[in-house]
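Given next are the chains, with one letter for each unit.
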Amino acid sequence: MRNTISIFILLFSIVFANAQETAMNASEMASFKEKVISEAKKTKTIKTDFVQFKHLDFLADDVKTSGKMAFKSPNLVKWEYTNPYQYSVIFKEDQLLINDGGTKSKVDIGNSKLFKKLNQLIVNSVKGNMFNDADFKVTFYKSSKYNKAVFVPKDSKIATYIASFELLFNKDDAQVYEVKMVEPSKDFTRIVFSNRVLNSNIDDAVFSN
Amino acid sequence: MMRFLAISLLASLFLVSCSLKTTEGLRQVSTEITEIENPYFSNPEIDYVYKAKIEIYGKNLGGIVIIKKIGKKNHRVVFTTEFGSKLFDFEFEGDTFTKNYMLPDLDKKFITNILRDDFKLLINENMMVSEAFNSENYSVFKTEMGNRFVFYFFGNAENQLQKIIKTSKTKEKVEIDFTSTEENIAETIAIKHNNIKLKIDLEKFKKE
């Protein structure tokens, strides 16, 4: 009897898990993309909190850090970690401006094609608008809670850094609420956004070190 | 007379440059302790997570260092950026070293060797004692690692490991300083090199 119940639960959970997430069909894909792109066009600034979880298979707990992110169109981004340490990176033109607990430094990414690509990825993933990126093969999924886009790099150089890249979107406003980067080793980083404020005024001074 | 002075001067200079600074002011003592333990990464239940700041030839680099004891003699050491992407992933099993991953841009033999040696020195748990020294503040144990010597400084007051110094016969090569408020947990770790301009500072993640 007990076995039957466990088998039933097991079967049910498999069915349920499958039911949770399915691939989008062509028309769902088209309308989803259109919504994300039109929302991204309207988005001039974003302010949001985030929590980052670094998952390494051999650890008991994910490594958790958190902070704030600010984005200003077309391509200013600031990631600021406030817990458990102070660390910020500003993506500005061809430079990374870093403030590591008071130690400031600058990294020129002007010559690095790969870094430019990664930077572009970050900006586009914040906005959600990266479906036309020729460097990735994109597949789309839906569930009752979210829409999901999974990006797999075509470029072998990028593939040595990232196995895949997942964006989870709210159903209603088509905003990205979670980013997941999976490494070739299967370890991953998950960033969950909260308290998002759209199109408030953000001073340019926020993006200087 | 002049000649004698010149010779003694030269001799004393030679002796000074030859003698190891590490044991200066310490007196050698006999000891019954045959083995010492570095307790800071010895608990397999704990994920040891540190914010890292590296200063190399005037350049700064940040990241997160994660250390875990994953077997009786095994340690995993992973270094990621603040964003979580892995820069390297090392595994130590006794004297066996495995490089699970290293960012292609960093993957140079001389960088790998320095990092391997530094983290090996940091996590090495048990060492056989060859000589012992004493001072007002420290009990010091000399051990051997390959063709190098490693000195472990334990504070007399709290009997905590405070310093590790790796030396050749005549020169100090690497020094690791620990501060600790909780038993067997290193709050801050500073790894300094004497022959290259490399400094690694680690600060333990605060509890939530």
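Further remarks concern the overall build of chain A. Along the backbone of chain A there are four helices and twelve strands. For chain A, the proportion of its 209 residues judged to be buried stands at 24%. Long-range contacts, defined as pairs at least 24 residues apart, comprise 44% of the intrachain contacts of chain A with a sequence gap of at least 6.

For the rest of this paragraph, the subject is the overall build of chain B. Assigned secondary structure in chain B consists of two helices and 14 strands. With the C-alpha coordinates aligned to their principal axes, the bounding extent of chain B is approximately 70 × 40 × 30 Å. Classification of the 208 residues of chain B by burial places 29% in the buried group. Within chain B, contacts between residues at least 6 apart in sequence are counted, and of these 39% link residues at least 24 apart.

All names here are of chain A. Residue position: histidine 55 is located in strand β2 (residues 45-55). Each C-alpha atom of the pair histidine 55 and lysine 42 lies 34 Å from the other, and the pair is 13 residues apart in sequence. The contact partners of histidine 55, leaving out residues within four places of it in the chain, are Asp62, Asp187, Phe188 and Arg190.

Glancing now at the environment of asparagine 126 of chain B. All names here are of chain B. For asparagine 126, the position within the fold is in strand β8 (residues 126-134). Residue class for asparagine 126 comes out exposed when judged on the 11 C-beta atoms lying within 10 Å of it. As a C-alpha pair, asparagine 126 and asparagine 38 span 88 residues in sequence and 6.5 Å in three-dimensional space. Those residues in contact with asparagine 126, other than ones at most four positions away along the chain, are Glu35 and Glu37.

What follows deals with the pairing of strand β3 (residues 48-56) of chain B. All names here are of chain B. Note: β3 against strand β4 (residues 59-69), nine bridges, orientation antiparallel. Bridge pairing links lysine 53 to glycine 62 in β4. Counting the residues in the hairpin turn of β3 and β4 gives two residues, including tyrosine 57, whose phi is positive at 45°. Sheet topology note: the β3/strand β14 (residues 198-204) ladder contains seven bridges and is antiparallel. Bridge pairing in β14 links glutamate 55 to lysine 199.

The subject of this paragraph is the interface of chain B and chain A. Between chain B and chain A, the residue contacts involve 22 residues of the former and 20 residues of the latter. At the level of elements, β3, β4 and β5 (74-80) of chain B are the ones that each hand at least two residues to the side of chain B that touches chain A. Considering only residue class, the side of chain B that touches chain A consists of nine nonpolar, five polar and eight charged.

This part is about the nonpolar core. Counting residues in each nonpolar core, the largest one holds 42 residues, and the members touching the most others are Val65, Ile66, Tyr152 and Ile176 of chain B. What valine 65 of chain B contacts, discounting residues up to four positions off in sequence, is Tyr50, Ala52, Phe79 and Leu202 of chain B. By size, the runner-up hydrophobic cluster in this structure holds 24 residues, among which are Ala70, Phe136, Ala149 and Met181 of chain A.

The next thing to look at is the pairing of strand β7 (residues 103-108) of chain A. Residue and element names in this part refer to chain A. With zero of six residues buried, β7 lies mostly on the surface of the structure. Direction of pairing for strand β6 (residues 95-100) relative to β7: antiparallel, over a ladder of six bridges. Within the sheet, the bridge partner assigned to leucine 97 lies in β7 and is lysine 106. Where β6 folds back on β7, the antiparallel hairpin that results is connected by two residues, among which glycine 101 adopts a positive phi of roughly 55°.

What follows covers the sheet that holds strand β9 (residues 146-153) of chain A. Sheets are built from strands that pair by backbone hydrogen bonding, the pairs being arranged parallel or antiparallel. Residue and element names in this part refer to chain A. The strand order β1-β8-β9-β10-β11-β12-β2-β3-β4-β5-β6-β7 describes an open sheet built from twelve strands, whose pairing is antiparallel. Taken across any chain shown, the strands that pair with only one partner, and hence form the sheet edges, are β1 (22-23) and β7. Sheet topology places strand β11 (residues 176-182) next to strand β12 (residues 188-198); five bridges connect them, and they run antiparallel. Each residue of the ladder has a partner; that of valine 182, found in β12, is phenylalanine 188.

This part covers the confidence of the model for chain A. Here chain A averages 84 in pLDDT, while 82% of its residues score no lower than 70. Low pLDDT (under 50) marks residues 14-19 of chain A, which in the prediction has zero contacts with non-local residues, meaning those over four places away or in another chain.

Between its first and last C-alpha atoms helix α2 (residues 109-123) of chain B spans 21 Å; for 15 residues at 1.5 Å apiece the expected length is 21 Å, and the two agree. Those residues of α2 of chain B lying buried are Leu115, Phe119, Leu121, Leu122 and Ile123 of chain B.

Residues and elements named next belong to chain B. Residues of chain B with pLDDT of at least 70 account for 91%, and the chain-wide mean is 90. Low confidence marks residues 13-17, where pLDDT is under 50. Its contacts with residues over four positions away, or in another chain, come to zero contacts. With a pTM of 0.86, the predicted complex shows an ipTM of 0.84.

Procedures and definitions
Along each chain, residue indices are assigned from 1 in the same order as the chain's sequence is written. As a convention, the first chain written is A and the first ligand written is 1, with the rest following in written order. For this predicted model, a pLDDT threshold of at least 70 governs which residues receive local features, and a threshold of 80 or more governs which side-chain atom pairs are given and counted, while totals over whole chains, interfaces and linings are taken from all residues. Numbering of helices and strands runs from the N terminus, with a helix taken as a DSSP run of H or I at least four residues long and a strand as a DSSP run of E at least two residues long. A residue is called partly exposed when the number of other C-beta atoms within 10 Å of its own lies between 12 and 20, exposed at 12 or fewer, and buried at 20 or more, with C-beta atoms placed from the backbone. We call two residues in contact when their backbone-placed C-beta atoms lie within 7 Å. DSSP bridges decide pairing: two strands pair if at least two such bridges lie between them. Any residue that is not Ala, Val, Leu, Ile, Met, Phe, Trp, Tyr, Cys, Pro, Asp, Glu, Lys or Arg is counted as polar, Gly included; the first ten are nonpolar and the last four charged. Nonpolar cores are built from buried Ala, Val, Leu, Ile, Met, Phe, Trp, Tyr and Cys residues. These are joined into a set through C-beta atoms within 7 Å. On a scale of 0 to 100, pLDDT captures the predictor's confidence in every residue. Expected helix span is given by 1.5 Å per residue-to-residue step, counting one fewer step than there are residues.

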